[in-house]
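Per-entry structural report
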Amino acid sequence: MRVGCPKEIKNHEYRVGLTPGAVREYVAHGHEVIIESMAGIGIGADDAAYQAAGAKVVDSAKDVFARADMIVKVKEPQPSEWAQLRDGQLLYTYLHLAPDPEQTKGLLASGCTAVAYETVTDDRGGLPLLAPMSEVAGRLAIQAGATSLQKANGGRGILLGGVPGVLPAKITIIGGGVVGHNSARMAVGLGADVSILDRSLPRLRQLDDMFNGRVHTRYSTIDALEEEVFSADMVVGAVLIPGAAAPKLVTRDMLSGMKRGAVIVDVAIDQGGCFETSHATTYADPTFEVDGVIHYCVANMPGAVPITSTHALNNATLHYGLMLADNGLKAIAEDRHLRAGLNVHKGRITSRPVADALGYALADPDQALRVA
């Protein structure tokens, strides 16, 4: 198979779909790899590094899309990219389709087969291709929130860990999954006063054991959510419903009860965000203010640390990517975890959360693959 990797073009996106090390693995499996020139510059990998790994370097993304049977990316394709996809081509990347009707229309019109990193599953019921970026985003959320809390950046002017004689910042984390756990680790390490809300009692017990009492765990009710949000200096939105749009847990009305200069970091923004007032931002202009509350809603947070992020992502995606390259659609048909990642196939939606969110008829993945 010809495996293609274009340069990412989303605002301030420095990651790349394939590292030189991953290229060597694809080549060792007998595949041809085509890389757009300068695709890896954000991680310090020049064209020579890719050529040494066995890739063919081409001048433009157009060459990659035209020649490749399978496209490996990081972020969802932008309009100029989905216009270059074609019938029968495999796309392997993050998609986040539920809050993105325009991208969905573009992928359906292309006729491609799109496997989304964020919905591929594993034997433990986890999301192994989403997890590494959730780890990065969870940790970055605290760094970003701490910076936004500084007075010069519009925040309250409070230090996360405080100092002797002065209380630390209070941080509320909504959601106790991978993002929430990693946010809590960073916040606790910096000395903040941390609360985590979740609706899974087993998960709250697990977090309580992990942190040995250093965080407050609360079952998430409307009352508990309001109490924690109103008292917080920083609120991290870490809610995930796999493949679906994030629920709007903090409403516009609730902002009036928050501290002036408090900071919201919406890590769920890729799935539409869990704050009613959120909208996606970029690293070029990462924050905005609503009712005196600073919102940080960068939709590609891990892109700020591309070396860490790209290597972590490739460690997770390589196994399934090789399965796709080795066996094509057969790999999806035979592996239930890859089948869970199938979002679009030949003009049809094959993911229930996406179909439900956007009002499409659902095509059963097994049937859709058999018809193809």
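Residues numbered from 1 in each chain as written. Predicted model: local features only at pLDDT ≥ 70, side-chain atom pairs only at ≥ 80, totals over all residues. Heavy atoms only, no water.

1. Quick look at the overall build of the chain
Formally: Comment: elements are numbered from the N terminus, with helices defined as DSSP H or I runs of at least four residues and strands as E runs of at least two. The globule rule used for comparison is 2.2 Å times the number of residues to the exponent 0.38, while the radius of gyration itself is calculated over C-alpha atoms. The cut-offs for exposure are 20% and 50% of the maximum accessible area for each residue type, with area from a 1.4 Å probe on protein chains only; residues under the lower value are buried, those over the upper are exposed, and the others partly exposed.
If you tally the helices and strands in the chain, you get 15 helices and 15 strands. Compactness check: the chain gives a C-alpha radius of gyration of 21 Å against a globular reference of 21 Å for 372 residues, within 12% of the reference. Dimensions of the chain, computed from the C-alpha atoms along their principal axes, are close to 65 × 45 × 35 Å. Scored against the burial criterion, the 372 residues of the chain give a buried share of 55%.

2. Description of the sheet that holds strand S11 (residues 263–266)
Spelled out, the test is: Pairing between two strands is assigned when DSSP locates at least 2 bridges connecting them. Axis lines are fitted to C-alpha atoms, over the contacting stretch for helices. Their N-to-C directions set the angle, which ranges from 0 to 180 degrees. Any two residues having at least one pair of non-hydrogen atoms within 4.5 Å are treated as being in contact.
Pairing is mixed across the open sheet formed by seven strands, whose spatial order is S9-S8-S7-S10-S11-S13-S12. On the outer flanks of this sheet lie strand S9 (216–219) and strand S12 (287–290), each paired with one strand and no other. Strand-to-strand twist across the sheet, computed as the mean angle between neighbouring axes with direction ignored, equals 20°. Relative to S11, strand S10 (residues 234–237) runs parallel, the two sharing four bridges. Bridge pairing in S11 links Val236 to Val265. Strand contacts of helix H8 (residues 201–211): strand S8 (193–198) and S9, with the helix running at about 175° to S9, the strand carrying the most contacts. Of the strands in this sheet, strand S7 (170–174), S8, S9 and S10 are in contact with helix H9 (residues 222–231), which crosses S7 at around 140°.

3. Here's the deal with the nonpolar core
Definition in use: To define a nonpolar core, start from buried Ala, Val, Leu, Ile, Met, Phe, Trp, Tyr and Cys residues and group those joined through side-chain atoms within 4.5 Å.
Formed by 72 residues in total, the largest nonpolar core has its most connected members in Leu18, Tyr26, Ile35, Tyr92, Ile171 and Val194. By residue number, the principal contributor to this core is helix H11 (residues 306–327), which donates eight residues. Not counting residues up to four positions away in its chain, the partners in contact with Tyr92 are Met70, Ile71, Val72, Lys73, Val115, Tyr117, Leu129, Thr317, Tyr320, Gly321 and Leu324. Of all hydrophobic cores here, the second largest spans 24 residues; its members include Ala224, Ala268, Ile269 and Phe275.

4. Some thoughts on the side chain of His337
Where we set the bar: Contacts described as polar in this section are N or O atom pairs within 3.5 Å, which, within protein, must combine one atom able to donate a hydrogen with one able to accept it, while residues neighboring in sequence count only if both atoms come from side chains.
Inspection of the secondary structure puts His337 in helix H13 (residues 336–341). Assessed through its relative accessible area of 7%, His337 is described here as buried. A distance of 2.8 Å separates a polar atom in the side chain of His337 from a polar atom in the side chain of Thr121. Residues within four places of His337 in sequence aside, it is in contact with Val120, Thr121, Asp122, Asp123 and Tyr320.

5. Here we look at the packing of helix H6 (residues 131–148) against helix H7 (residues 178–189)
Under the convention used in this document: Here the word oblique covers every angle except those under 35 degrees (roughly parallel), over 145 (roughly antiparallel) and from 65 to 115 (roughly perpendicular). Should the near helix be turned anticlockwise from the far one by less than a right angle, the crossing is left-handed, and should it be turned clockwise, the crossing is right-handed.
Two numbers describe how H6 lies on H7: the axes approach to 7 Å, and their chain directions differ by 40°. Our classification of the angle between H6 and H7 gives oblique. Here the hand of the crossing between H6 and H7 comes out right-handed. Where H6 abuts H7, its residues Ala131, Ser134, Glu135, Gly138, Arg139, Ala141, Ile142 and Gln143 lie against Val178, Val179, Asn182, Ser183, Arg185, Met186 and Ala187.

6. With respect to a nonpolar patch on the surface
Heads up, the rule is: Every patch collects residues that have over 30% relative accessible area and no salt bridge, joining them within 9 Å if they carry like charges and within 5 Å if they are nonpolar side chains (Val, Leu, Ile, Met, Phe, Trp, Tyr). We get accessible surface area from the Shrake-Rupley algorithm with a probe of 1.4 Å; when it comes to residues, only the shown protein chains can shield them. For salt bridges, the criterion is a side-chain nitrogen of Lys or Arg within 4 Å of an Asp or Glu carboxyl oxygen.
On the surface, Leu159, Val163 and Val166 cluster together to form a nonpolar patch covering roughly 280 Å² of accessible area. Positionally, Val163 belongs in the loop between H6 and S7.

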